Amino acid sequence: MLAYLTRRLIQSALILLGVSFITFFLLYVLPADPVRQIAGRSATAETVANIRHQLGLDQPFVVQYARYLGGLVQGDMGRSYLQKTEVATLIAARLPATLLLMLGAIVAELVIGLSLGVIAAIRRGGALDQSLMITSFVAVSAPQFVVGLLLLYVFAVKLSWFPIGGYGSFSHLVLPALTLGIMGSGWYSRMMRSSMIDVLRSDYIRTARAKGLKRMRVLALHAMPNAILPIIAMIGIDIGIFMSGIVVVESVFGWPGIGQLAWQAIQRVDIPIIMGVTLVSACAIVLGNLLADMITPFIDPRIKLR
Amino acid sequence: MIEVKDMTTGAAAAPDTAPPVLQVQGLTISVRAEGRERPLVSDLSFTLARGETIAIAGESGSGKSLTSLAIMGLLPPPALRVSEGRILLNDQDLTSLSESRMRTVRGNRIAMIFQEPMTSLNPVLTIGLQLAEAIRAHEPISKREARARALEALKAVRISEPERRMGQYPHELSGGMRQRVMIAMALALRPDVLIADEPTTALDVTVQREVLDLLRDLQREMGTAIILITHDMGVVSEMAERVIVMKQGRAVEQGPVRQIFEAPQESYTRDLLAAVPRMGDGSGAPARDGDAAPVASLRDVRVRFDIRGGILSQVTHRVHAVENVSLDIMAGETFSLVGESGCGKSTIAKALVGLVPHQGRIEVAGHVLGGMKSSDMKSLRRDVQIVFQDPMAALDPRMRVGELVGEPLLIHAIGTPEERRERVAGLFERVGLSRDQLDRYPHEFSGGQRQRICIARALALQPKLIVADESVSALDVSVQARVLDLLAALKREFGIAYLFISHDMAVVENISDRVAVMYMGQIVEMGTRAQIFGNPRHPYTKRLMAAVPVPDPTHRRPPVPRLAGEVPSPVYPVGEAPQRLPLRNLGDGHLVADAPEPM
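Conventions adopted
- Residues numbered from 1 in each chain as written.
- Chains lettered and ligands numbered in written order.
- Predicted model: local features only at pLDDT ≥ 70, side-chain atom pairs only at ≥ 80, totals over all residues.
- Heavy atoms only, no water.
- UniProt positions renumbered as here; feature names shortened; annotations may be inferred.
- Axes fitted to C-alpha atoms, helices over the stretch in contact; angles between N-to-C directions.
- Helix = DSSP H or I, 4+ residues; strand = E, 2+ residues; numbered from the N terminus.
- Parallel < 35°, antiparallel > 145°, perpendicular 65-115°, else oblique.
- Left-handed = near helix turned anticlockwise from the far one by under 90°.
- Contact = heavy atoms within 4.5 Å.
- Buried < 20%, exposed > 50% of the residue type's maximum accessible area, 1.4 Å probe, protein only.
- Domains from an automatic or database assignment.
- Expected span 1.5 Å × (residues − 1).
- Bend = angle between axes of the 7 residues up to and from the residue.

Under an unreviewed UniProt entry, the name given to chain B is Acetamidase/formamidase, and the organism recorded is Thioclava atlantica. Quoted verbatim from the Subcellular location (unreviewed entry) field of the UniProt record, the comment on chain B reads "Cell inner membrane". Annotation of chain B in UniProt includes, under Sequence similarities (unreviewed entry), the sentence "Belongs to the ABC transporter superfamily."

Named according to an unreviewed UniProt entry, chain A is Peptide ABC transporter inner membrane protein originating from Thioclava atlantica. Listed under Subcellular location (unreviewed entry) in UniProt, the entry text for chain A is "Cell membrane". Within the UniProt record for chain A, the comment given under Sequence similarities (unreviewed entry) is "Belongs to the binding-protein-dependent transport system permease family."

Following this line, the structure appears as structure tokens:
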């Protein structure tokens, strides 16, 4: 177990190194010039050259990357070009909000997706199954900003059940978490349905029924844990999908997370922030997957981590 | 058989006088498809007395498993249902019971064990929990009491270390142990009727022997009536007092076991019995002369699989799948490898066609395997072809069968498209299919026909050696007999050699020229068919043969020495290796390993 964890962490570090290189390289070859953003349109060529020199952007790519990496190893993610603040500070201030939002979204998508999937599987072929599957299809296909605005309109504007935007209490969390999670719940309901149908056909379910167990026990104890197994691995991947979703959702709901930060930074070519947010996201994805893999053996005794 | 039972089970007296515990009257099971109802089982009637064993025998599609599910009330709705007839358990009609009432019968008054012990237990729950919940589903007792009862049940099925098994998960147990757990679960509540649906089909023959013995012992103790569903006439003759032979949903013949075996009335029963491979003493057609040249020769072949662990995932253990195997397969001979699961027989087959890396020397049709260029590998594959166990899995469902059979020709760029098609058509006719079927898809064929297609594909390149890895094991006996005939005819016609791999001793005896018996990756005995079957010398060979169920109700089986504990594991830490078993020559090429102390 410990050996496995160590190996996975080393692998994770290598993945992050790769991500940092690719992102840095893409930002380097990007035609947008951060110096122009800082200096403004009316700046003289001399000012521009000065700023470029100050930021070290006149150095060759390898030197720039090595310098960035050197800082990173010491925990220094650099300073924002425009906000003149440590990137680490900026991210640290906003990360809890984003993590909360993602947690909410995971809970929402699992609760909605799994339960609907189980219901559809039990009622397989019936009208309920079909309408649930159509709904899930819509949920998967609907763009997040549309879903977000729709939820805002119905539940915040018309019904006033939840606040329109902002951050601070549980009721602030509900709509953004739903918006972020609704696509996943569509996915999960479909996956859970097919997984559950497979499991319900399996020999050990027949054995459980042949023992004379009650239907609820067969479903909850014998079928569901087995049906969930293939889905756990997906939760890790989800975090990656969320990362693209939070940019939209955080803007729609005014949620003060790193998605907003990233969006502003991209518009202004604020390279240190873009790098920082990308690396933190990559970290979250890698750790999320690791976590999902670590949970699996607790549900499936056949899986041993080594 | 009946006399023996009468002496040992006072309660379960002669079946015809005891009151029936289960009566099936005019049972018809229908499937609804495309708006029409079609019967899958028609008008089946039988009675089962307390303590009696009745066998329902038949080939696939005969409706025997559906019948058992109907008795359990487990037919999958809504497509399948009992459309006519009654199932009376102690005068209570099960077909009219509500689901909740039926639930109290299931597992309590009627219990069932299934064919696949590997998949019949829930992989994520402990053995103890699965046993205890079966008891608690029917009796209002505490968890602690249920666990105690579960432990008792495990002890009753003579499983090793029952206390430890309680906390283990199914994957930690071997197939035989899992089937014991299933039996413990089924019999924990002392049901009136036990339905055993192919209970030993998935098990090795020595394990099958133990499980059958166990079932019989428990039946004597508890007076449980057993419905034994099986395709294996050997198992029928050893276990049953009465037999129902089913074919396509109807009972063809019903009667006492001796009558069915000695004086079958119906031609189908006679054909079925005639097709059953019987093990003899190896006499019959003599083995081929020894002057042929070997098409394949193996010298000290080892195949080991690494098991990795640790931070740097270094190799910590190795599975010693094949250890120092040396053998020659002569041109035009059928060489059989027999042994139980995990003995390494299939690994040899894979090494021989270059599918797994090996150490030692393998020479096939003049090519030495290992470190070959891919072009050499390709020419090797013209000379060696393989036919697998499951024909459905071996045929791409999206290709027409004509394309599948012609594909080897295409890969080796032989002939024009017209010539290829002509040759494929010829192959089809040779294996007993018609050329009109060339453009069909695999799912349109029966299991036996599919295996013929696989054989035709193997023949396409006119190989010198065909490796048949359990190629007839999944087929019904009548189909199996015809496929074996085809293999024999092809051997005579083309002079092909076979490496025939099987766990079925009777089939091996019928088809082989020479036989090697494998145990734990090594050959323990090798010789001509007459030597192995007429004069088995190694204790493992003897035990294998003694364990085979004999399709003859008058047969008295000699007592078999019990295997002490479980089959040992072929996994060794790096640096250790199993002891090499040298083979002694007893004369005329009959080689046998020295027996280890207690086998």
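Still more ground to cover, so stick around.
A. Expanded view of the packing of helix H1 (residues 2-29) of chain A against helix H4 (residues 61-73) of chain A. Residues and elements named next belong to chain A. Where H1 meets H4, the closest approach of the two axes is 11 Å, and the angle between their N-to-C directions is 135°. When the axis of H1 is compared with that of H4, the two are oblique. Between H1 and H4 the crossing geometry is right-handed. Contacts from Leu-17, Ser-20, Phe-21, Phe-24, Phe-25 and Tyr-28 in H1 reach Phe-61, Gln-64, Tyr-65, Tyr-68 and Leu-69 in H4.

B. Highlighting the UniProt feature "domain: ABC transporter" (unreviewed entry) in chain B. In this numbering, the UniProt entry assigns the feature "domain: ABC transporter" (unreviewed entry) to residues 22-273 and 298-545 of chain B. Regarding residues 22-273 of chain B, the helix share stands at 38% and the strand share at 29%, and the terminal C-alpha atoms are separated by 28 Å.

C. Fine view of the UniProt feature "transmembrane region" (unreviewed entry) in chain A. Residues and elements named next belong to chain A. Here, UniProt's "transmembrane region" (unreviewed entry) annotation points to residues 12-30, 99-122, 134-155, 167-188, 219-249 and 269-292. A distance of 27 Å separates the end C-alpha atoms of residues 12-30, which is 95% helix and 0% strand. Counting secondary structure, residues 269-292 comes out at 92% helix and 0% strand; the distance between its end C-alpha atoms is 34 Å.

D. Region of the structure containing helix H12 (residues 345-352) of chain B. Counted residue by residue, H12(B) has six buried out of eight residues, so it is predominantly covered. Where H12(B) terminates, the next one or two residues include Gly354(B), which has phi positive at roughly 75°.

E. Here's a closer look at the domain arrangement of chain B. Under the domain assignment, chain B is made up of domain 1 (113-179) and domain 2 (294-593). On a C-alpha basis, the centres of domain 1 of chain B and domain 2 of chain B stand 36 Å from each other.

F. Local environment of helix H8 (residues 170-200) of chain A. Given a rise of 1.5 Å per residue, 31 residues ought to cover 45 Å, yet the end C-alpha atoms of H8(A) are separated by just 37 Å, more than 12% below that figure. Of all the bends in H8(A), the greatest measures close to 45° and is centred on Gly181(A).

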